[in-house]
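Geometric and topological summary
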Amino acid sequence: MQRSLPLIAALVLIPIAAVVTLPIVHYLQSDRETLTLDANARRGVPGSFVQLHDGVTHYELAGPAGGSTVLLIPGFSTPYNIWDPTFDGLTKAGFRVLRYELFGRGWSDRPAAQYDADFYDRQIVDLLDALGIRTVDAAGVSMGGPIAATFANRHPERVRRVLLFDPGYWTGTPLPLGLRLPAIGTYNMTVAIAPGLPQSQWDDFQHPERYPHYLDPYREQMRYRGFRRALLETLRNYMTHDVSGEYRQLGKSGKPVLLIWGMSDRDTPIELSAKVRADVPQAQFHAIEDAAHLPHYEHPEIVNPMVIEFLQRPD
């Protein structure tokens, strides 16, 4: 019997070791965040950088000085190239345009913070103050929509008009337990969610084959530590909270609002536009055919003239 004990122990411990080891191996194989984002990593990156309260923010400011600036707020996980056609079109039309990357995305810092409405609002306030910009026309795409609405509501004296492009609209849905628990959430984000994020961005387009290089900046940002944490903390602290009240408050403000929506959007289906229009009755609404989640990107020849006309209206 004593001679059998080592064999019995081995038969018991080997499966246990496998159960413990396999998730670790899976995590390490899935982990693509191997680089540190610092000044050396940013060397040669286009755009500009500014130190704010919560960290360094990557931004680009172009167009003639003077007058109101158009602020372009990106979505949940994307760098600021999501605004390329709008940024280029508006600057060529003579507008002053500012786009930036949310903390945790692109080349902006990935601070260990609570990624909630206060956090995203503070980034905008700090950025505008650092650049000496007093008033803006605030534009947001996807998750940038409720961020834009919140900024307009909290700082009405700094916002002339609001532009919403397929804006996120949610009423507060609890996260699955597998994302709420600290260690398990980090593991699941690493092995189950993050690896599929680049491919999922193609669903934002009706014709993804037309934009073969669109995901290059997206994949690059995923190499730097802190990207997954920023997204997970955003899911936990921002996207679980009801943002519908921000739209209702924006509606009551009477501020001019432009609402653009792709008719084939699979991320924020166009049916949600009815809720936004009910909350913001003054919104000028345009449904864009042959476009999914990013109509401004797929059809700038249609959307840019709408935006320009809206911005040029007298106050």
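Going by the structure above, here's the rest.
Since the structure is predicted, the reported quantities are computational estimates derived from the model, not experimental observations. Each chain carries its own residue numbering, running from 1 in the written order of its sequence. For this predicted model, a pLDDT threshold of at least 70 governs which residues receive local features, and a threshold of 80 or more governs which side-chain atom pairs are given and counted, while totals over whole chains, interfaces and linings are taken from all residues. Just so you know, side-chain values use all the structure's heavy atoms and leave hydrogens and water out.

Section: the packing of helix 3 (residues 84-92) against helix 14 (residues 300-311)
At a closest axis distance of 10 Å, the pairing of helix 3 and helix 14 adopts a crossing angle of 50°. Taken together, the axis directions place helix 3 and helix 14 in an arrangement best described as oblique. Taken as a pair, helix 3 and helix 14 cross one another with a handedness that is right-handed. For the pair formed by helix 3 and helix 14, the contact residues are Pro85, Thr86, Gly89 and Leu90 on the first element and Pro300, Asn304, Val307, Ile308 and Leu311 on the second. Just so you know the grouping, Ala, Val, Leu, Ile, Met, Phe, Trp, Tyr, Cys and Pro go in nonpolar, Asp, Glu, Lys and Arg go in charged, and all remaining residues, Gly too, go in polar. Class assignment for the residues of the contact of helix 3 with helix 14 results in six nonpolar, three polar and no charged. In this analysis, axes come from line fits to C-alpha atoms, helices being fitted only over the stretch in contact, and the angle between any two N-to-C directions falls in the range 0 to 180 degrees. Put simply, DSSP marks the helices as runs of H or I at least four residues long and the strands as runs of E at least two long, and each gets a number from the N terminus on. Should an angle lie under 35 degrees it is considered roughly parallel, over 145 roughly antiparallel, and from 65 to 115 roughly perpendicular; all remaining angles are considered oblique. Here is the rule for handedness: rotate from the far helix to the near one, and if that takes an anticlockwise turn smaller than a right angle the crossing is left-handed, while a clockwise turn gives right-handed. Residues are treated as being in contact if the distance between any of their heavy atoms lies within 4.5 Å.

Things to note about the pairing of strand 3 (residues 69-73)
For each residue, the accessible area found with a 1.4 Å probe, counting protein chains only, is set against the maximum for its type, and the residue is called buried under 20%, exposed over 50%, and partly exposed in between. Counting buried positions over the five residues of strand 3 gives five, a clear majority of the element. Neither face of strand 3 is exposed, since Thr69, Leu71 and Ile73 on one face and Val70 and Leu72 on the opposite face are all buried. Here a strand pair is declared whenever DSSP counts at least two bridges between the two strands. Relative to strand 4 (residues 96-100), strand 3 is paired through four bridges, and the arrangement is parallel. Counterpart to Val70 in the pairing with strand 4 is Val97. Handedness is read with the strands pointing away from the viewer; a crossover is right-handed when the path from the first strand over the helix to the second is clockwise. Once you follow strand 3 into helix 3 and on to strand 4, the crossover reads as right-handed. Of the pairings in the sheet, the one linking strand 3 to strand 5 (residues 136-141) comprises five bridges and is parallel in character. Along strand 5, the bridge assignment pairs Val70 with Asp137.

Considering the side chain of Asp279
Within the secondary structure, Asp279 sits in helix 12 (residues 273-279). Neither His nor the chain termini are counted; the positive set is Lys and Arg, and the negative set is Asp and Glu. Here a salt bridge means any side-chain nitrogen of Lys or Arg lying within 4 Å of a carboxyl oxygen belonging to Asp or Glu. For Asp279, which is buried and forms no salt bridge, the nearest opposite charge comes from Arg248, at a distance of 4.4 Å. Residues in contact with Asp279, not counting those within four places in the same chain, are Tyr169, Ser244, Tyr247, Arg248 and Gly251.

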